[in-house]
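Here is how the chains run, residue by residue.
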Amino acid sequence: MKVLTYPNPKLLKKALKVAVIDRSVNKLVRQMFDLMYKEGGVGLAAPQAGYSLRLAVINLTKKPPDELVLINPLIAEQSGSVIQEEGCLSVPGITAPVGRSARLVCRALDLNGNEINLTAEDLLARAIQHEIDHLDGVLFINRLEPEERQKIKKKLQELEHANNQRLK
């Protein structure tokens with residue numbers, strides 16, 4: 001398993017709901033956490049690992065007790081606004097300021113199929129929004145203001161060129 005990188009078209013597709021939480025989902029979650037830790041991220045969505053499933057993992061501390069699994073997540077409430085520098089494992093080497101809600105309530109299922117209602121703010125709120133964007137086929141670079149997008153245009157072209165070389 002590896003992290004798919006921009007401009008892989010699989011990153012731009014809306015993921016399918018998880019219909020059944022079984023052993024295969026549990027195994028995928030473990031593999032996703034392992035990959036996320038290996039790559040140094042704080043969150044990873046299933047589409048980034050090549051799976052079209054509405055599933056994301058987050059761990060801001062990288063300590064096992066703080067692992068958060070979100071299955072079929074949705075944002076039920078959001079408030080406030082904050083602009084902060086953001087990056088992504090699927091868009092390596094690029095960071096840019098992105099506006100996000102400062103606080104939110106996320107509804108999702110856990111690995112046992114139980115509904116969770118999670119109130120989040122600060123970095124956790126940002127990570128949840130970022131990962132849900134992945135589930136909807138949206139990359140953080142799609143949320144940039146035009147002048148910010150222009151600043152990273154050359155780096156994006158380099159990623160596109162590198163990806164094209166890999167495909168040859």
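Everything that follows concerns the structure shown earlier in this document.
Now for a look at the structure at hand. From a predicted model like this one, the values you see are computed outputs, not experimental measurements.

1. Let's talk about unusual backbone geometry
(1) Moving on: In this structure, the amide linkage connecting Tyr-6 to the following residue, Pro-7, adopts the cis form with an omega of 10°.
(2) Moving on: Here Pro-7 shows up in the segment before helix 1 (23-39).
(3) Moving on: Notably, Lys-62 is not glycine yet its phi reads approximately 65°, a positive angle.
(4) Moving on: Relative accessible area serves as the criterion here: at 40%, Lys-62 is assigned to the partly exposed category.
(5) Moving on: Even without a glycine there, the phi angle at Asn-72 is positive, about 50°.
(6) Moving on: Among the structural elements, Asn-72 can be located in strand 3 (residues 68-79).
(7) Moving on: Residue class for Asn-72 comes out buried when judged on its relative accessible area of 14%.

2. A closer look at the layout of surface pockets
Empty pockets left among the atoms are what a rolling probe the size of a water molecule brings to light.
(1) Moving on: Volume-wise, the largest pocket comes out at about 290 Å³.
(2) Moving on: What lines the largest pocket is a set of 16 residues, among which Val-42, Gly-43, Gly-87, Cys-88 and His-130 lie closest to the centre.
(3) Moving on: Contributions of two or more residues to the lining of the largest pocket are made by strand 4 (82-88) and helix 2 (122-135).
(4) Moving on: For the lining of the largest pocket, the element with the most residues is helix 2, which contributes six residues.
(5) Moving on: Within the lining of the largest pocket, the residues separate by chemical class into five nonpolar, seven polar and four charged.

The rules behind these values
Residues numbered from 1 in each chain as written. Predicted model: local features only at pLDDT ≥ 70, side-chain atom pairs only at ≥ 80, totals over all residues. Heavy atoms only, no water. Helix = DSSP H or I, 4+ residues; strand = E, 2+ residues; numbered from the N terminus. Buried < 20%, exposed > 50% of the residue type's maximum accessible area, 1.4 Å probe, protein only. 1 Å grid on protein atoms, 1.4 Å probe; cavity = no way out; pocket = protein on both sides within 12 Å on 5 of 7 lines; lining within 4 Å. Points joined across faces, edges and corners; volume = space filled by probe spheres on them. Nonpolar A, V, L, I, M, F, W, Y, C, P; charged D, E, K, R; others polar.

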